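In case you want the letters, here they are:
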Amino acid sequence: MDKLIIHGGQPLHGSVQISGAKNAALPIMAASLLAPGTHTITNVPQLRDITTMLKLLEHLGVEHQFCRGGSRTAPTLSISADNIRGDEAPYDIVRTMRASVLVLGPLVARLRHAKVSLPGGCAIGARPINLHLTALEAMGASVTIHDGYVEVRAPHLHGAHIIFDKVTVTGTENIMMAACMAKGETVIENAAQEPEVPNLAVTLNAMGARIEGAGTPRITIQGVTELRPCTSTIMPDRIEAGTYMMAAAITGGDVTLRSCPVTALETLTAHLREAGVQIDETADGLRVQRKGTLRSVNVTTAPHPGFATDLQAQF
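Bear in mind the structure is a predicted one, so any value in this text is a computation, not a measurement.

Focus on the side chain of Asp237
Stage number 1. Its place among the elements puts Asp237 in the loop between β13 (231-233) and α8 (238-250).
Stage number 2. One buried charged residue, Asp237, remains without a salt bridge, the closest side chain of opposite sign being Arg238 at 6.4 Å.
Stage number 3. Separated by 2.8 Å, the side chain of Asp237 and the backbone nitrogen of Ile239 make a polar contact.
Stage number 4. If we skip the residues at most four places from it in the chain, Asp237 touches Ile18, Ser19, Gly20, Ala21, Lys22 and Pro261.

Shown next as structure tokens:
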């Protein structure tokens, strides 16, 4: 569409179902590369990045099918990763979505080789993947960069003690997936604690991986020789939920968020309450109301469990 026209000035009332989290869906979709067979993923959000990841997986030889339920039910995605026929993530796809780099870890783990175009960063600054590559080298991989591509070879991937210089969500997820099928134990220190990381770990463990500590700064992975397909569920999107919470607050509304990731929103909830917003837990989510005048609040963004950068503009 060319434009959105909004007629404002009205309080928001009612309830809304929170969609599945894109940032949880993308690594779980990439994880399907780790094991042959048919993987089933429920609560998949209908977003352009999901379509882009499917396009990349198709390029690698994966087949997929959506099974749509009722009008209020998110589609279920079936992914068949029996015949991986490629190990290259091309520039034309990676340039449109930086999260395409998430196929690096699974391809190295399963095929022992991957060639991935270097991502081009994003609007809030460059995000190089050097931390991913340094960790893979510590695990026995060789890394070369030429013509805008990074090529990783790892005929004998082994466990290692990885200490990230700074928190990296995709780096944590990539190394978790690679370590699942490495020989021995891998320990990730200063790991990302974002809720999407343990969502991925639950999926990987259901596939036969042995991961402990996901959601804390220290993750331990015991390598296994093979993995199997599984059924996984995408967590609700905390950024979408937080956006609705603030929309209810600024309009003086009364909105109930169904299937809301309450625990993942504790920091935002605390700041909104400080600003004068009434927030109550319900049977399956949160009710957000604002009856009085909002108070100003100071906020500083930080990696989870701090205040999410993706909620800063809305706040």
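Describing the sheet that holds strand β16 (residues 285-289)
Strands belonging to one sheet form pairs held by backbone hydrogen bonds; the direction of such a pair is parallel or antiparallel.
Stage number 1. Pairing is mixed in the open sheet, where 4 strands are placed in the order β1-β14-β16-β15. Unpaired on one side and paired on the other, β1 (13-17) and β15 (278-281) mark the two borders of the sheet. When the angles between neighbouring strand axes are averaged without regard to direction, this sheet yields 15°.
Stage number 2. Strand direction decides the pairing type here: β1 and strand β14 (residues 254-258), joined by 5 bridges, are parallel.

Focus: the sheet that holds strand β3 (residues 63-67)
Stage number 1. What the 4 strands build is an open sheet, ordered β3-β4-β2-β13; its pairing is mixed. Two strands lie at the open edges of the sheet, namely β3 and β13, each paired on one side alone. Neighbour-to-neighbour, the strand axes of the sheet open up by a mean angle of 20°, direction not taken into account.
Stage number 2. Pairing analysis gives 5 bridges linking β3 to strand β4 (residues 76-80), with the strands arranged antiparallel. Residue His64 lies in a different strand from β4, and its bridge partner there is Ile79.

Concerning the packing of helix α6 (residues 169-179) against helix α7 (residues 196-206)
Stage number 1. Look at α6 against α7: their axes get within 10 Å of each other, and the N-to-C directions meet at 10°. Regarding the angle of α6 to α7, the classification is roughly parallel. Once α6 is placed against α7, the crossing between them reads as right-handed. Facing α6, whose interface residues are Val169, Thr172, Glu173, Met176 and Met177, α7 presents Glu196, Val197, Leu200, Ala201 and Leu204.
Stage number 2. Broken down by class, the residue content of the contact of α6 with α7 amounts to 7 nonpolar, 1 polar and 2 charged.

Focus on the nonpolar core
Stage number 1. Formed by 78 residues in total, the largest nonpolar core has its most connected members in Met29, Val103, Met139, Met176 and Leu204.
Stage number 2. In this view, Met139 contacts His156, Leu157, His158, Ala160, Ile162, Ile175, Ala178, Ala179, Ala182 and Thr186; residues no more than four positions away in its chain are not counted.
Stage number 3. Within the second largest apolar cluster, 21 residues are counted, among which are Val16, Ile18, Ala249 and Leu257.

Observations concerning the side chain of Ser80
Stage number 1. The residue Ser80 is located in strand β4 in this model.
Stage number 2. For Ser80, a relative accessible area of 16% gives the class buried.
Stage number 3. A polar contact of 3.4 Å, which involves the side chain of Ser80, links it to the side chain of Asp82.

Topic: the packing of aromatic side chains
Stage number 1. Inspection of every chain in the model, using the stated rule, returns 1 aromatic pair.
Stage number 2. Ring geometry for Phe307 versus Phe315: centroids 5.4 Å apart, planes at 80°, classification edge-to-face.
Stage number 3. Its relative accessible area of 3% is what places Phe307 among the buried residues.
Stage number 4. What makes Phe315 partly exposed here is its relative accessible area of 32%.
Stage number 5. Between the NZ or CZ atom of Lys115 and the centre of the ring of Tyr149, over which it lies, the distance is 5.2 Å.

Rules behind the numbers
The residue count restarts for each chain, going from 1 along the sequence in the order it is written. Restriction of local features to residues with pLDDT of at least 70 applies here, the model being predicted, together with a cutoff of 80 or more for giving and counting side-chain atom pairs; totals for whole chains, interfaces and linings are based on all residues. Hydrogens and water are ignored here; the side-chain numbers use all heavy atoms of the structure. The numbering of helices and of strands both runs from the N terminus, where a helix is a DSSP run of H or I of at least 4 residues and a strand a run of E of at least 2. Three labels apply to residues, based on accessible area from a 1.4 Å probe with only protein chains included: buried if under 20% of the type maximum, exposed if over 50%, partly exposed otherwise in between. Under the convention used here, Asp and Glu are negative, Lys and Arg are positive, and both His and the chain ends fall outside the count. Salt bridge criterion: a side-chain nitrogen from Lys or Arg within 4 Å of a carboxyl oxygen from Asp or Glu. Throughout this description, a polar contact denotes any pair of N or O atoms lying within 3.5 Å of each other; where both atoms belong to protein, one of them has to be capable of donating a hydrogen while the other can accept it, and for residues adjacent in sequence the pair is counted only when both atoms sit in side chains. Contacts between residues were defined by any pair of non-hydrogen atoms, one from each residue, lying within 4.5 Å. Think of it this way: DSSP has to see at least two bridges between two strands before they count as a pair. Helix axes are fitted only over the stretch in contact, all axes being lines through C-alpha atoms; the angle between N-to-C directions runs from 0 to 180 degrees. Here the word oblique covers every angle except those under 35 degrees (roughly parallel), over 145 (roughly antiparallel) and from 65 to 115 (roughly perpendicular). Crossings are classed by handedness, with left-handed meaning an anticlockwise turn of the near helix from the far one by less than a right angle and right-handed meaning a clockwise turn. Throughout this entry, Asp, Glu, Lys and Arg are counted as charged residues, while Ala, Val, Leu, Ile, Met, Phe, Trp, Tyr, Cys and Pro are counted as nonpolar. The remaining residues, Gly among them, count as polar. What we call a nonpolar core is a set of buried Ala, Val, Leu, Ile, Met, Phe, Trp, Tyr and Cys residues that are connected through their side-chain atoms within 4.5 Å. Between 30 and 60 degrees the pair is tilted, below 30 it is stacked and above 60 it is edge-to-face, where a pair is any two Phe, Tyr or Trp rings, Trp via its six-membered ring, whose centres lie within 6.5 Å. Lysine NZ or arginine CZ positioned within 6 Å of the ring centre and within 35 degrees of the ring normal marks a charge as sitting over the ring.

Honestly, it's all geometry; don't read function into it.
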